[in-house]
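Okay, here's what each chain looks like letter by letter:
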Amino acid sequence: MKKLLLSMTVLVTLCAACTPPMYIPNTTNTPSLRKQGDIEASVSIGTNGSDLQFGYAITDEWGVMLNGSQGKSEDSDQSDHLTHYFGEVGIGRNFYLDGKDADISTRPMFNAFAGAGFGHTEGEVTFSNLFNADLVYSNQLRGDFVRGFIQPSIGVTSKYVDFFFTPRTSFVYITSLWTSMEADWQQSYVSDQDYLEYLGLMAKKPYNVFIEPTLTLKAGLPYVKAMLQLGGSFATIPNVETTFRQRPIIFILGIQMDVNVLGKGIYRKPSEIKDSP
């Protein structure tokens with residue numbers, strides 16, 4: 001029995017790359033909010049599908065964010081497909097490294113945000129038998145999850161260029177999961193009871209912690225900038241010890257707009273606002 005379970009473990013490890021990813025990391029929202037009333041809004045596309053993100057400064061130091069992500073992809077014959085939705089909220093604080101009343105047209109900045117959200121994923125991947133290419137199988141997945149995150153950022157913000165390094169840490173917990181794995185060894189070599197015991201041994205953890213460092217570059221005009229983000233998602237628990245896996249690459253292209261709804265101006269010093277008529 002133990003030898004049989006070991007052989008099956010090897011086979012499932014080989015098939016793990018043929019299963020749809022349950023967790024698709026969203027774009028890391030890196031707001032450079034400078035003063036109360038600032039709003040940043042961005043749209044982007046990339047490895048995670050598409051994102052719509054907002055940041056708002058409720059005071060000169062504190063801000064909130066709202067992020068939404070969705071994606072749908074499929075092959076031309078619709079045999080392989082993946083659909084996901086995700087939304088979250090967060091709150092954080094800006095720390096001005098050069099003083100609050102410095103020239104805020106160009107300044108180093110550190111901020112830290114934390115928040116939580118929930119998502120849904122479903123997909124299917126087809127693959128061929130390792131020993132007989134004419135035998136085609138299908139792995140299917142459908143489930144829901146919640147995610148909490150802690151996100152510090154450090155970088156430089158200016159009228160024309162923003163640059164941030166953000167090592168986000170995400171805790172993902174699967175709240176519901178349905179999977180279907182087709183393979184000839186399931187039916188030919190394993191009884192129903194043995195397979196249930198095998199699944200119980202393999203599906204150990206419904207959660208994982210991901211380290212997700214990103215580099216974000218925004219460049220353009222003072223109030224409209226193009227955005228590029230590169231990074232990765234690295235599991236701290238091996239995927240073979242959990243009930244799901246993630247998409248490991250983060251590559252994002254987008255555009256961001258900045259406004260101040262209180263009429264204070266994005267790049268004006270606090271003292272200039274107080275002295276103005």
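Residues numbered from 1 in each chain as written. Predicted model: local features only at pLDDT ≥ 70, side-chain atom pairs only at ≥ 80, totals over all residues. Heavy atoms only, no water.

> I'm lost on the overall build of the protein in this one. Help?
Looking only at helices and strands, one finds four helices and eleven strands in the protein. A total of 277 residues make up the protein; the buried ones form 42% of that total. Residue pairs in contact within the protein that sit at least 24 positions apart in sequence constitute 68% of those at least 6 positions apart. Here the protein has roughly 13600 Å² of accessible surface; of this, 65% comes from carbon and sulfur atoms. (Helix = DSSP H or I, 4+ residues; strand = E, 2+ residues; numbered from the N terminus. Buried < 20%, exposed > 50% of the residue type's maximum accessible area, 1.4 Å probe, protein only. Contact = heavy atoms within 4.5 Å. Areas by Shrake-Rupley, 256 points an atom, 1.4 Å probe, with all protein chains shown as cover.)

> Help me out: how do you make sense of the nonpolar core in this one?
One recurring pattern in soluble globular proteins is that nonpolar side chains are buried together. Counting residues in each nonpolar core, the largest one holds nine residues, listed as Met22, Tyr23, Phe86, Leu141, Phe145, Val172, Ile174, Phe210 and Phe244. If sequence neighbours within four positions are ignored, leucine 141 has contacts with Pro20, Met22, Thr121, Glu122, Gly123, Leu177, Trp178 and Thr179. (Core = buried A, V, L, I, M, F, W, Y, C linked by side-chain atoms within 4.5 Å.)

> What exactly am I supposed to notice about the packing of aromatic side chains here?
What describes a pair of aromatic rings is the distance from one ring centre to the other and the angle between the planes of the rings. With the rule as written, the count across this model stands at six aromatic pairs. Aromatic pair tyrosine 23 and phenylalanine 145: ring centres 6.0 Å apart, planes at 80 degrees, arrangement edge-to-face. Linking tyrosine 23 in the loop between helix 1 (2-15) and strand 1 (38-46) with phenylalanine 145 in strand 6 (residues 136-158), this pair joins segments that are 122 residues apart in sequence. Each residue in the set Tyr23, Phe86, Phe145, Phe210 and Phe244 is aromatic and connected to the rest through ring pairs, giving one cluster. (Phe/Tyr/Trp six-rings, centres within 6.5 Å; stacked < 30°, edge-to-face > 60°.)

> I keep staring at the side chain of threonine 216 and nothing clicks. Help me out?
Looking at the element boundaries, threonine 216 is found in strand 8 (residues 207-220). A polar contact of 2.8 Å, which involves the side chain of threonine 216, links it to the side chain of glutamine 229. If near-sequence neighbours (up to four positions away) are discounted, threonine 216 is found in contact with Thr30, Asp162, Phe163, Phe164, Met227, Leu228 and Gln229. (Polar contact = N/O pair within 3.5 Å; in protein donor to acceptor, adjacent residues only side chain to side chain.)

> How do you make sense of the pairing of strand 3 (residues 62-74) when you look at a structure like this?
Two faces belong to every sheet, and in a regular strand the side chains alternate between them. Summarising the sheet, strand 2 (residues 49-57) and strand 3 pair through eight bridges and their orientation is antiparallel. Considered in strand 3, the bridge of alanine 57 is made with glycine 63. The turn joining strand 2 and strand 3, which pair antiparallel and follow one another in sequence, is formed by four residues. Where strand 3 and strand 4 (residues 81-96) come together, 13 bridges link them in antiparallel fashion. The residue bridging valine 64 from the neighbouring strand is isoleucine 91, located in strand 4. (Pairing = 2+ DSSP bridges.)

> What is the right way to look at the pattern of salt bridges in this model?
When the charged atoms of two side chains with opposite charge come close together, those side chains can pair. With the rule as written, the count across this model stands at five salt bridges. We note a salt bridge from arginine 34 to aspartate 162, for which the minimum N-O separation is 3.8 Å. Note that arginine 34 is positioned in the loop between helix 1 and strand 1 and aspartate 162 in strand 7 (residues 161-181), a separation of 128 residues in sequence. Taking the relative accessible area as the measure of exposure, aspartate 162 reaches 0% and is therefore buried. Of the charged contacts, one joins arginine 147 and glutamate 88 as a salt bridge, the two residues approaching to 2.7 Å between their closest N and O atoms. Of this pair, arginine 147 sits in strand 6 while glutamate 88 sits in strand 4, and the two are 59 residues apart along the sequence. (Salt bridge = Lys/Arg side-chain N within 4 Å of Asp/Glu carboxyl O.)

> I tried to follow the environment of arginine 142 on my own but got confused; where do I start?
When you line up the elements, arginine 142 lands in strand 6. Sequence separation between arginine 142 and histidine 84 is 58 residues, and the spatial gap between their C-alpha atoms is 9.6 Å. Once residues lying within four places of it in the same chain are set aside, the contact partners of arginine 142 are His120, Thr121, Glu122, Ser176, Leu177 and Trp178.

> Got a minute to help me understand the environment of threonine 121 in this structure?
With respect to the secondary-structure elements, threonine 121 resides in strand 5 (residues 106-128). Assessed through its relative accessible area of 1%, threonine 121 is described here as buried. Placed 100 residues apart in sequence, threonine 121 and proline 21 show a C-alpha to C-alpha distance of 8.3 Å. Among the polar contacts listed, one links the side chain of threonine 121 to the backbone oxygen of methionine 22, at a separation of 2.8 Å.

> For this particular structure, what's the right way to read the environment of phenylalanine 163?
Its place among the elements puts phenylalanine 163 in strand 7. Take phenylalanine 163: its relative accessible area is 41%, and that puts it in the partly exposed class. When the C-alpha positions of phenylalanine 163 and methionine 109 are compared, they lie 9.9 Å apart, and in sequence the two are 54 residues distant. Beyond its immediate stretch of four places on either side in the chain, phenylalanine 163 contacts Ile154, Gly155, Val156, Leu215, Thr216 and Leu217.

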